[in-house]
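# Remarks on the overall topology
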Amino acid sequence: AGSRADVNPDEVASVIWKYFTELGSNAKDTADQLHQSELSKQLNTLLKSNLQSVSAYAEDLQQRLEPFAVELQARLAQDSQRLKEQIRRELQELQAKLAPYADQVHQQIGTNIRELQARMGPYAEELRSQVDRSAGELRRALEPYAAELRERLQDNAESVQASLSPYAERLQQQIDGGVEGVKQRLSPVADELKAQVERSVAELRRGLSPYAQEVRDGLERQLQSLSAQMERAAEELRARLAASSEELRAQLSPLARELREAASGDAESLRQRLQPLAQQLEQRLGQSLETFRQQAAPFGETFGQQLVQRLEEMRGKLDSGAAGVEDHLELLEKEVRDKVAAFLSTAAPPQN
């Protein structure tokens, strides 16, 4: 019937965390009902998409999750000040104990930043090259369809109409296959960028270990926070690449749909409807692919800049002992994710 693996705790936690943060940014007396309704809708969508075969379990789980989420939000809001104070105190203690080694720590993080930038550059360029190559290959695969449509217009109307639907289906299949090919070519580069993140944090941990004997726990928490930020950035990069590919599909697919719609009309006016489409087809293909290329190609450089910014922020915190709002939110989010995972582990699905 299903198992706990059917529901990804991170996805559920993301819905609840969004509810928590949005509620915190609105007047509570006017937002509670609206946001709880939105929470219910989002949880319902998530559970239905993951638990289609166990609807009774999904319904039961949602009924338990909603009050859990509301109660969790209320408790974390009360504990928020305590968490802020805890972060501030830990960072001040860490900064004071690292003070004798401040120059070495500052230099070590600077070295790590330079090494990360040096490693990120080739991968960012590789991602750009793969985007360009993928767009070019898809353009070459689709351009013959524009030429074929122009040729078909020379046939008689009945022949054109009879062949148009199969032609549109082939075009759609080529679009779908091309977009999936784009995703497959870009995914390994995203994997490599994520591996570089893990390597960079491990090297920084080794580089700081001589200065961390008395502050091992505090420094490890900072490194874990840095690692979580960087991994989240890597997942966001992967998601942005996938979203750009799907946006490309959404821009190209109407071409096939318009052809199918044209085929359903009367044969006499078919040529009149197809003539402008045949003229536009190649241009629209080119515009869609160029938009994709311009949007996705810089993602690698942006990702590298994000990682350097995270390292700079960590260096600033160790220099000053001052915590930012991000530290507070990260700790709160970690608590949300831990508690959601624990909750779901107790919400066993029905057995066959």
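Description of the structure in this document.

The rules behind each value
- Residues numbered from 1 in each chain as written.
- Predicted model: local features only at pLDDT ≥ 70, side-chain atom pairs only at ≥ 80, totals over all residues.
- Heavy atoms only, no water.
- Core = buried A, V, L, I, M, F, W, Y, C linked by side-chain atoms within 4.5 Å.
- Buried < 20%, exposed > 50% of the residue type's maximum accessible area, 1.4 Å probe, protein only.
- Helix = DSSP H or I, 4+ residues; strand = E, 2+ residues; numbered from the N terminus.
- Contact = heavy atoms within 4.5 Å.
- Salt bridge = Lys/Arg side-chain N within 4 Å of Asp/Glu carboxyl O.
- Phe/Tyr/Trp six-rings, centres within 6.5 Å; stacked < 30°, edge-to-face > 60°.

Bringing the nonpolar core into the picture now. Counting residues in hydrophobic clusters, the biggest one holds 68 residues, and the most contacted among them are L164, L259, L274 and F303. Elements with a minimum of two residues in this core: α3 (55-98), α4 (102-152), α5 (157-208), α6 (216-263), α7 (270-296) and α8 (299-320). Broken down by element, this core gets its largest block of residues, 16 residues, from α5. When residues no more than four places from it in sequence are discounted, the contact partners of L164 are L149, L259, A262, A263, L270 and L274. F68, L72, L83 and V340 belong to the second-largest nonpolar core, a separate cluster that totals 24 residues.

Glancing now at the side chain of S245. As for its placement among the helices and strands, S245 is situated in helix α6. Once residues within four sequence positions are removed from consideration, S245 is found in contact with V179, V182, K183 and F292.

What follows concerns the pattern of salt bridges. One pass over the full model with this rule turns up 23 salt bridges. Salt-bridge contacts for E180 lead to K183; the nearest nitrogen and oxygen are separated by 3.8 Å. Here E180 and its partner K183 are both found in helix α5, three residues apart, which amounts to about one turn of the helix. When its relative accessible area of 32% is taken as the criterion, E180 is described as partly exposed. By relative accessible area, K183 is classed as partly exposed at 25%. When salt bridges that share partners are traced, they join D176, E180, K183, E246 and R249 into one network.

The full count for this structure, using the stated rule, is two aromatic pairs. Between F68 and F343, the aromatic rings sit 4.4 Å apart at their centres with planes inclined by 15°, giving stacked as the arrangement. Linking F68 in helix α3 with F343 in helix α9 (residues 325-346), this pair joins segments that are 275 residues apart in sequence. For F343, a relative accessible area of 13% translates into the label buried.

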